[in-house]
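As a plain string of letters, each chain reads:
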Amino acid sequence: MSTPTNTQQLAEPEENEAQLHDLVRLVAVAAVAGALTGVVGGLFRTLLEDMHEALTTVMSYWHDLDAAGALVPGWMWALLLGGACMGLSRWMVRLAPLAGGSGIQHVEGVFHDVAKPAPLRVLPIKFIGGLLAMAPGSALGREGPTVQMAAVIGNVCGEVARLCRADRFLLYTAVAGSGLAVAFNTPLAGLAFVNEEVSRSVTLRRTLVTLTAVATAMLSFWSIYGNTLEFQVSSPEIPSFAALGAMTVLGALCGVMGAGYNQTVLGALNRFDSFTVLSPEIKATLIGMLIGNLDFSNLFILLGDPPAGTALTLAELKKAGVPVFAYGNFLTVALNFLILALAIFLMVKQINRLKRNAPAPAPAAAPATPEDVLLLREIRDSLRQNG
């Protein structure tokens, strides 16, 4: 039996010491990247909230213009603002194509080595473009831009620290998790995002780096922007058996509606992309004009003279008993009906397509012949031979 030489006994501690040194270095870089993510992500969500409040004030002013009979109605300014913000946001993607989309899918692609990490120029474009797209009221989440910006910060910190390629990729996804934690002020969500959504596996090294990035990100975020509760949930009451049945039915309906909604969104995106006559910027401008700022429910036509001092809003006019033709409500109901109908149509179409692609059932096997019939056949065959 061979015994380890003195050279091997000295090499093993040196190798372990080098691995420990690399891990400590990686954790230190993750701490710095997480702290920067807390600053940038916190600034992004703060500016987004401030811009939304400012735009709400501007919208109220434009509504007053409508009441005063301005030459250019307020809803026209709202359309122009929504279209300009969306169009400019889409144009900025030309400067950095990787800034397009949510950003989370790109982070997952980098982890699976099917995409390259986003460069530093993606960060300001994602920051400004995200504000322009979401502030007017578009239905976009702040988690996507924050996650990608955090991943860019992690990648830049890894390059500055001259980490190896494997550690940079690990840092890219780990710091991305800290971005999700900052976006929703939920530290554990960042760790769950990295382990469940991105890597779908748990390792000690990845968990340690992710926890470090999340911890420093939340510390910097809380110290600068404060720590406020995002969701307040009271203790639920124990439901009755009838309520449990209703909840079960409601859950099933919501699942069907969610599937239909997903198919509607994907189908609309595919159809919109296939329409190549207009440039992407013009398409985004039209979308912003149509749905970015327009509130159909507040559109109405006066059918009578309001009392003196009554605000010319739909709620106040109805309260004062003034007859109005609230055609905005009709437009809202009609639009909701069309969206729901399209969702059901696409869902049924998908189900029918799956049925057509399903393999045909195998032909049923012939039933076994009873033993008495087999015996009679043998007797018959024997009589024929002897006859």
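Residues numbered from 1 in each chain as written. Predicted model: local features only at pLDDT ≥ 70, side-chain atom pairs only at ≥ 80, totals over all residues. Heavy atoms only, no water.

**Q** Now, about the overall build of the chain: what can you tell me, with residues and values included?
**A** Within the chain, the regular secondary structure consists of 13 helices and two strands. In the chain, which comprises 387 residues, the share counted as buried stands at 32%. Taking the contacts inside the chain whose residues are at least 6 apart along the sequence as the reference set, 72% of them involve residues at least 24 apart. Accessible area of the chain: about 24,400 Å², with a carbon and sulfur share of 67%. (Helix = DSSP H or I, 4+ residues; strand = E, 2+ residues; numbered from the N terminus. Buried < 20%, exposed > 50% of the residue type's maximum accessible area, 1.4 Å probe, protein only. Contact = heavy atoms within 4.5 Å. Areas by Shrake-Rupley, 256 points an atom, 1.4 Å probe, with all protein chains shown as cover.)

**Q** Tell me about the packing of helix α4 (residues 122–134) against helix α5 (residues 143–160), and name the residues and values.
**A** With their axes 9 Å apart at the nearest point, α4 and α5 run at an angle of 170° to one another. Compared by their axis directions, α4 and α5 come out roughly antiparallel. Where α4 approaches α5, its residues Val122, Leu123, Lys126, Phe127 and Met134 are matched on the opposing element by Pro145, Gln148, Met149, Val152 and Ile153. A class-by-class count of the residues in the contact of α4 with α5 yields eight nonpolar, one polar and one charged. (Axes fitted to C-alpha atoms, helices over the stretch in contact; angles between N-to-C directions. Parallel < 35°, antiparallel > 145°, perpendicular 65-115°, else oblique. Nonpolar A, V, L, I, M, F, W, Y, C, P; charged D, E, K, R; others polar.)

**Q** Can you tell me about the nonpolar core, naming the residues and giving the values?
**A** Counting residues in hydrophobic clusters, the biggest one holds 46 residues, and the most contacted among them are Val147, Leu171, Phe193 and Val209. If we skip the residues at most four places from it in the chain, Leu171 touches Leu26, Val29, Ala30, Gly154, Gly158, Leu163 and Val209. (Core = buried A, V, L, I, M, F, W, Y, C linked by side-chain atoms within 4.5 Å.)

**Q** Give a description of the packing of aromatic side chains that names residues and reports values.
**A** Enumeration over the complete set of coordinates arrives at two aromatic pairs. Centre to centre, the rings of Phe44 and Phe127 are 5.4 Å apart; their planes meet at 70°, and the pair counts as edge-to-face. Separated by 83 residues along the polypeptide, Phe44 in helix α1 (residues 6–67) and Phe127 in helix α4 bring together distant segments of the chain. The pair formed by Phe44 and Phe127 is uniform in burial state, with each residue classed as buried. (Phe/Tyr/Trp six-rings, centres within 6.5 Å; stacked < 30°, edge-to-face > 60°.)

**Q** Explain the confidence of the model for the chain to me, and be specific about the residues and the numbers.
**A** Per-residue pLDDT for the chain averages 79, and the proportion of residues at 70 or more is 82%. The spread of mean pLDDT over the elements of the chain runs between helix α12 (residues 327–357), the lowest at 70, and helix α8 (residues 204–225), the highest at 92. Confidence drops under a pLDDT of 50 for residues 6–11, and excluding neighbours within four residues, the segment shows one contact in the predicted structure. (pLDDT = per-residue confidence, 0-100.)

**Q** Run through a nonpolar patch on the surface, naming residues and quoting values.
**A** The grouping of Leu71, Val72, Trp77 and Leu80 at the surface amounts to a nonpolar patch, some 430 Å² of accessible area in total. Here Leu71 lies in the loop between α1 and α2 (74–92). (Patch = residues over 30% accessible without salt bridge, like charges linked within 9 Å, V, L, I, M, F, W, Y side chains within 5 Å. Salt bridge = Lys/Arg side-chain N within 4 Å of Asp/Glu carboxyl O.)

**Q** Kindly report on the side chain of Asn195, identifying the contributing residues and their values.
**A** Mapped onto the fold, Asn195 is located in helix α7 (residues 187–198). We classify Asn195 as buried; its relative accessible area is 10%. Here Asn195 is in contact with Arg200, Ser201, Val202, Arg206 and Thr207, once residues within four sequence places are set aside.

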